[in-house]
Amino acid sequence: MSNYAYVLWIPLLPLLTFVVLGIFGRKYFKTSAGIIGTASLLAAAVLSFNTAYHYFLVDGKVNGVFQKIIALQYTWLSFSPGVSVDMGIVIDPISVMMLVVVTSVSLMVHLFSLGYMKGEERFATYYAFLSLFTFSMLGLILSVNIFQVYIFWELVGASSFLLIGYYFSKPSAVAAAKKAFIVTRFADLGFLMGILILGFYGGTLDIGLLIQKLTSTTSPEFINMTSASFLGASMLTWGLTLVFMGGAGKSAMFPLHIWLPDAMEGPTPVSALIHAATMVVAGVYLVARLFPIFSMDPTSLTIVTYVGAFSAFLAAVIACTQTDIKRVLAYSTMSQIGYMMFALGISKQGGEEGLGYMASMFHLFTHAFFKSLLFLGAGAVIHMVHSNEMKDMGGLRKLMPITHLSFLIACLAIAGIPPFAGFFSKEEILMAAFHSNKIIYGVALFTAAMTSFYMFRLYFSIFWSKEAAHHDHHHGEGTWSMKLPLVILSICAVGVGMIPFSSFVTSDGVALETHTDLMFSLAPVSLTIIAISLAAYLYKTQNQKPDQFATAWGGIYKAAYKKFYIDEVYLFITKKIIFPLIGQPIAWVDKNIVDGFVQSSATVTAKISSSIKGLQSGKIQSYTLYFFGGIIALSLLFIYIWK
Amino acid sequence: MSQGPLIPILLVSTGLFFIGMYGLFTRRNMITLLMAIELMLNSVNINFVAFNKYLFPEKLNGLFFSLFIITIAAAEAAVAIAIIINLYRSHQSIDVDDATEMKY
Amino acid sequence: MDISTIILYAIAACILGAGILAVTSTKIFRAAIYLLFSLVSIAALYFWMQVEFIAAIQIVVYVGGIVVLIIFSIFLTQQSGKEMAKPSVGKILASLGAALFGFLFTANIITHYSWGENPGRIFTVTVDQIGREMLSTTEHGYILPFEVISMLLLAAMIGCIVIALKRTEKTLDI
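Each value, and the rule that gives it
- Residues numbered from 1 in each chain as written.
- Chains lettered and ligands numbered in written order.
- Predicted model: local features only at pLDDT ≥ 70, side-chain atom pairs only at ≥ 80, totals over all residues.
- Helix = DSSP H or I, 4+ residues; strand = E, 2+ residues; numbered from the N terminus.
- Rg over C-alpha atoms; globule rule 2.2 N^0.38 Å.
- Buried ≥ 20, exposed ≤ 12 C-beta atoms within 10 Å, placed from the backbone.
- Contact = placed C-beta atoms within 7 Å.
- Pairing = 2+ DSSP bridges.
- Core = buried A, V, L, I, M, F, W, Y, C linked by C-beta atoms within 7 Å.
- Axes fitted to C-alpha atoms, helices over the stretch in contact; angles between N-to-C directions.
- Parallel < 35°, antiparallel > 145°, perpendicular 65-115°, else oblique.
- Nonpolar A, V, L, I, M, F, W, Y, C, P; charged D, E, K, R; others polar.
- pLDDT = per-residue confidence, 0-100.

Quick look at the overall build of chain C
Across its full length, chain C holds six helices and zero strands. When the elements of chain C are put in sequence order from the N terminus, they spell out α-α-α-α-α-α. Against the globule reference of 16 Å for 174 residues, chain C gives a C-alpha radius of gyration of 21 Å, more extended than a compact globule. Dimensions of chain C, computed from C-alpha atoms along their principal axes, come out at roughly 65 × 50 × 25 Å. By the burial criterion, 20% of the 174 residues in chain C qualify as buried.

This is the structure we're talking about:
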């Protein structure tokens with residue numbers, strides 16, 4: 001078995017880049033920051049590919065089962081002999097897969113930003129933040145201990161805050177960054193509680209040991225956890241659901257999804273990296289990591305399934321009405337992640353029944369490529385048109401041929417047209433849904449149709465609808481650094497579907513035999529084609545039919561356009577209930593009582609001291625009186641009281 | 001007085017000591033303050049001599065003590081007068097309440 | 001009640017009376033003279049106690065030296081005929097209280113203690129004895145304190161001169 005200790009360099013390189021660019025970037029690396037960032041990430045990507053090659057193709061397997069290898073482990077903070085926060089690196093199928101995904105998408109984004117962010121004043125800071133984010137995400141993936149996951153989880157949240165609020169002079173960007181951070185932080189409260197519950201009952205914070213202890217029905221920890229209950233649900237359910245709450249916040253599941261559309265205020269390459277391929281899948285990754293434990297508790301899996309399915313459906317409905325292209329893509333991301341979540345929810349551990357797990361991970365893999373491609377393409381379009389709204393675009397297919405072609409490939413992929421990547425992963429998900437829960441299958445099928453509809457609505461509105469207005473064309477389609485990632489990602493969007501994913505990543509490490517069932521695929525593919533034609537009919541040329549459609553749907557259309565007023569509900573709760581009833585009293589207590597106590601201790605001390613200092617009046621006779629008084633007191637004490 | 005004159009002499013010296021102390025607390029003029037201090041020193045002298053004579057007649061320690069105290073009191077009075085003269089030069093007054101620079 | 005006891009009481013009355021007048025008089029020169037009377041009465045007490053040498057030293061040093069010094073300083077620093085400021089009532093009461101309390105406290109302790117006087121032993125002291133013991137180096141000799149006191153007097157003398165020196169341009173750096 002080869003030594004995987006070099007995997008430590010994969011997160012370490014971006015960290016070093018962050019430190020160097022963060023400290024020295026503004027002064028010394030003003031223009032070369034991009035090159036440095038991209039170069040270090042290229043090295044990290046090469047190392048990840050090397051790891052993947054070694055693990056998947058050379059020696060990861062022992063007796064046909066992929067092993068979980070702990071490459072490094074270091075006990076950092078020990079709470080008690082069994083429970084400690086270790087820092088370590090784990091190599092197993094999903095972590096290696098995620099390594100490849102994160103480093104390659106991040107590399108593409110770094111490359112794209114060379115052209116997109118050129119001329120920005122805080123160019124070096126941007127690359128520093130990107131490297132920080134990549135480091136945090138890689139650390140999260142490779143964590144061996146659930147508390148280590150939490151540490152990197154928070155780091156990811158902080159870097160995302162920095163990146164969303166990159167244009168800090170725009171109040172909307174600042175508000176969006178705050179919103180993202182606060183919502184995910186609130187979800188992390190649940191995550192922390194879940195960690196504490198799991199750690200307490202499981203007796204350890206190490207993921208491998210936790211899985212070992214809690215997946216056998218005879219282990220004392222499992223019996224303890226399932227017998228202790230709170231408000232009717234066993235502690236196992238509580239722990240897992242709270243952990244899922246954390247995951248739901250990061251992955252923008254309903255009702256914690258409100259931050260994702262607003263997060264589009266950040267630069268578009270940032271959206272491609274964070275809100276398409278990496279950070280938002282952290283929740284899915286977390287559930288997948290702890291999946292053996294989840295599979296022991298059907299209640300929490302049901303919650304995962306229904307939350308995922310509902311989020312997928314809701315997001316698809318809202319996306320059909322949005323006009324800002326980045327918002328459409330944001331809701332599309334939410335929908336696809338809902339797919340991944342419910343695929344995990346309906347899966348069971350091991351063998352044929354673990355199909356959902358494999359499908360979810362496969363979809364994560366393919367989604368990363370085509371979603372980042374969509375975002376980068378949108379970035380190129382925005383760069384050209386200087387606006388995010390669909391009404392300002394149209395007819396761009398002649399002006400931006402490469403962008404057009406790559407966007408089309410990505411849309412075909414997400415719609416699930418064979419032989420593009422999305423087809424294979426969606427098929428697996430639908431098959432897993434069909435075999436376990438017909439209702440979920442129905443919802444998934446309908447959502448897939450809606451996905452194709454709104455994606456092609458987007459495509460036609462950007463590249464066909466009307467003739468291009470005469471914008472300033474002097475900067476054309478973008479530099480080679482913006483076109484090259486689009487090309488590479490298009491190739492991936494076409495090719496990765498062909499990878500025999502099930503022989504590498506499955507719920508228990510044993511390769512799974514999957515095949516494409518043509519009869520089964522007929523239903524989704526035909527629905528997709530109908531949806532695409534509908535979108536073409538409505539949007540290929542500019543006409544009144546979409547508006548007639550909108551008025552026909554009336555109230556529902558309006559509600560969907562306003563994102564079902566969920567943001568307004570949140571604002572109401574925070575502004576009218578939490579702030580005046582909870583926030584203000586607590587602030588009052590903090591300012592007057594706590595602060596007042598500390599300050600009063602200072603004022604009391606000052607008053608006492610100023611009253612004592614009056615004793616030192618400089619008058620000799622007072623001093624002699626006090627002196628005499630002291631002598632009398634002492635003599636009384638020693639003669640009469642203490643003999 | 002079956003006990004001899006020791007106790008009356010001690011009472012005299014105690015009275016003189018506390019008279020001197022009253023003067024120390026009350027007097028505002030520095031020179032009169034010095035006078036009160038001299039009274040206190042003298043009371044101590046009486047004490048030493050009385051103890052020596054009535055309790056330890058074979059030795060002369062108390063006598064020598066009072067001899068040395070007289071000497072030192074003289075030196076101390078001289079130094080005190082010098083300081084008072086110096087203070088008078090800078091403050092134009094020898095009132096004790098006018099020399100309160102060493103306060104908070 | 002023999003005559004020596006009566007004389008003792010008379011001397012005691014003089015000491016205390018002159019002392020009280022010295023600390024309460026408002027005219028400064030009178031206070032100095034009352035102090036003088038008090039010191040002379042103390043010397044009389046020493047004479048009564050038959051320690052003539054100490055009495056002589058008392059008169060020579062205290063009365064002839066210190067009181068004269070005090071009178072000099074009175075003349076140097078203010079008009080001696082002027083009335084002095086009286087202290088405030090509060091101060092008088094507090095000091096009176098403290099002094100009375102102290103006196104009663106100490107008197108109580110003194111009178112209730114058995115001193116173990118032995119009137120049979122005779123106390124004789126001659127100047128010869130004092131002189132010998134002052135300068136002897138044996139166990140009860142006081143040669144060392146004698147030398148130390150001489151150095152102390154030297155230091156006091158120099159110190160007084162320096163402190164009381166009038167500061168002119170030439171002497172300011174002292």
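What to know about the overall build of chain B
A count of helical and extended segments in chain B gives three helices and zero strands. The linear arrangement of helices and strands in chain B, starting from the amino end, is α-α-α. Scaling as 2.2 N^0.38, a compact globule of 104 residues should have a C-alpha radius of gyration of about 13 Å, whereas chain B reaches 17 Å, well beyond that. Projected onto the principal axes, the alpha-carbon positions of chain B cover approximately 55 × 25 × 25 Å. Scored against the burial criterion, the 104 residues of chain B give a buried share of 52%. When contacts within chain B are restricted to residue pairs at least 6 apart in sequence, long-range pairs at least 24 apart make up 50% of them.

Considering the pairing of strand β4 (residues 84–91) of chain A
The two faces of a sheet get side chains in turn, since along a regular strand they alternate between them. Judged from the eight bridges that link them, strand β3 (residues 69–78) of chain A and β4(A) form a sheet pairing that is antiparallel. Bridge pairing in β4(A) places Ser78(A) opposite Ser84(A).

Quick notes on the nonpolar core
With 205 residues, the main nonpolar core has Val284(A), Val287(A), Leu344(A), Met361(A), Ala410(A) and Ala493(A) as its most contacted residues. In terms of residues, this core owes the most to one element, helix α16 (residues 355–385) of chain A, which gives 20 residues. Beyond its immediate stretch of four places on either side in the chain, Met361(A) contacts Ile94(A), Met97(A), Ala288(A) and Val505(A). Ile9(B), Leu60(B), Met49(C) and Ile70(C) belong to the second largest nonpolar core, which has 63 residues in total.

Digging into the packing of helix α5 (residues 146–164) of chain A against helix α6 (residues 171–202) of chain A
All names here are of chain A. Interaxial distance between α5 and α6 falls to 9 Å at its minimum, and their mutual angle equals 175 degrees. As judged from the angle between their axes, α5 and α6 are roughly antiparallel. From α5, Ile146, Phe147, Tyr150, Trp153, Glu154, Gly157, Ser160, Phe161 and Ile164 reach across to α6, where they touch Ala173, Ala176, Ala177, Ala180, Phe181, Thr184, Arg185, Asp188, Phe191, Leu192, Ile195 and Leu198. Split by residue class, the contact of α5 with α6 holds 15 nonpolar, three polar and three charged.

Description of the interface of chain A and chain B
In this assembly, ten residues from chain A lie in contact with ten residues from chain B. It is helix α25 (residues 620–641) of chain A that contributes the most residues to the side of chain A that touches chain B, five residues altogether. Across the side of chain A that touches chain B, the residue classes break down as three nonpolar, five polar and two charged.

So, the confidence of the model for chain C
Residues of chain C with pLDDT of at least 70 account for 95%, and the chain-wide mean is 88. Scoring the predicted complex yields pTM 0.71 and, for the interface, ipTM 0.91.

Side note on the interface of chain B and chain C
Each partner contributes to the interface: chain B provides 59 residues, whereas chain C provides 70 residues. When residues of the side of chain B that touches chain C are traced back to their parent elements, those giving at least two are α1 (6–26), α2 (30–55) and α3 (61–91) of chain B. For the side of chain B that touches chain C, the per-class residue count stands at 42 nonpolar, twelve polar and five charged.

Here we look at unusual backbone geometry
Most peptide bonds adopt trans geometry, and most residues besides glycine take a negative phi value. Residues and elements named next belong to chain A. Here the bond from Phe254 into Pro255 is cis, since omega is -5 degrees, no more than 30 degrees from zero. Within the secondary structure, Pro255 is located in the loop between α9 (235–250) and α10 (259–262). Residue Pro419 is reached from Pro418 by a cis peptide bond, and omega for that bond is -5 degrees. Considering the arrangement of structural elements, one finds Pro419 in the loop between α17 (401–415) and α18 (421–436). Located in the positive-phi region is Lys563, a residue other than glycine, with phi close to 60 degrees. Along the chain, the position of Lys563 falls in the loop between α23 (555–561) and α24 (566–613). Under the C-beta neighbour-count criterion, Lys563 is labelled buried, with 20 such atoms within 10 Å. The phi dihedral of Tyr565 is positive, around 55 degrees, even though this residue is not glycine. In this fold, Tyr565 is placed in the loop between α23 and α24.

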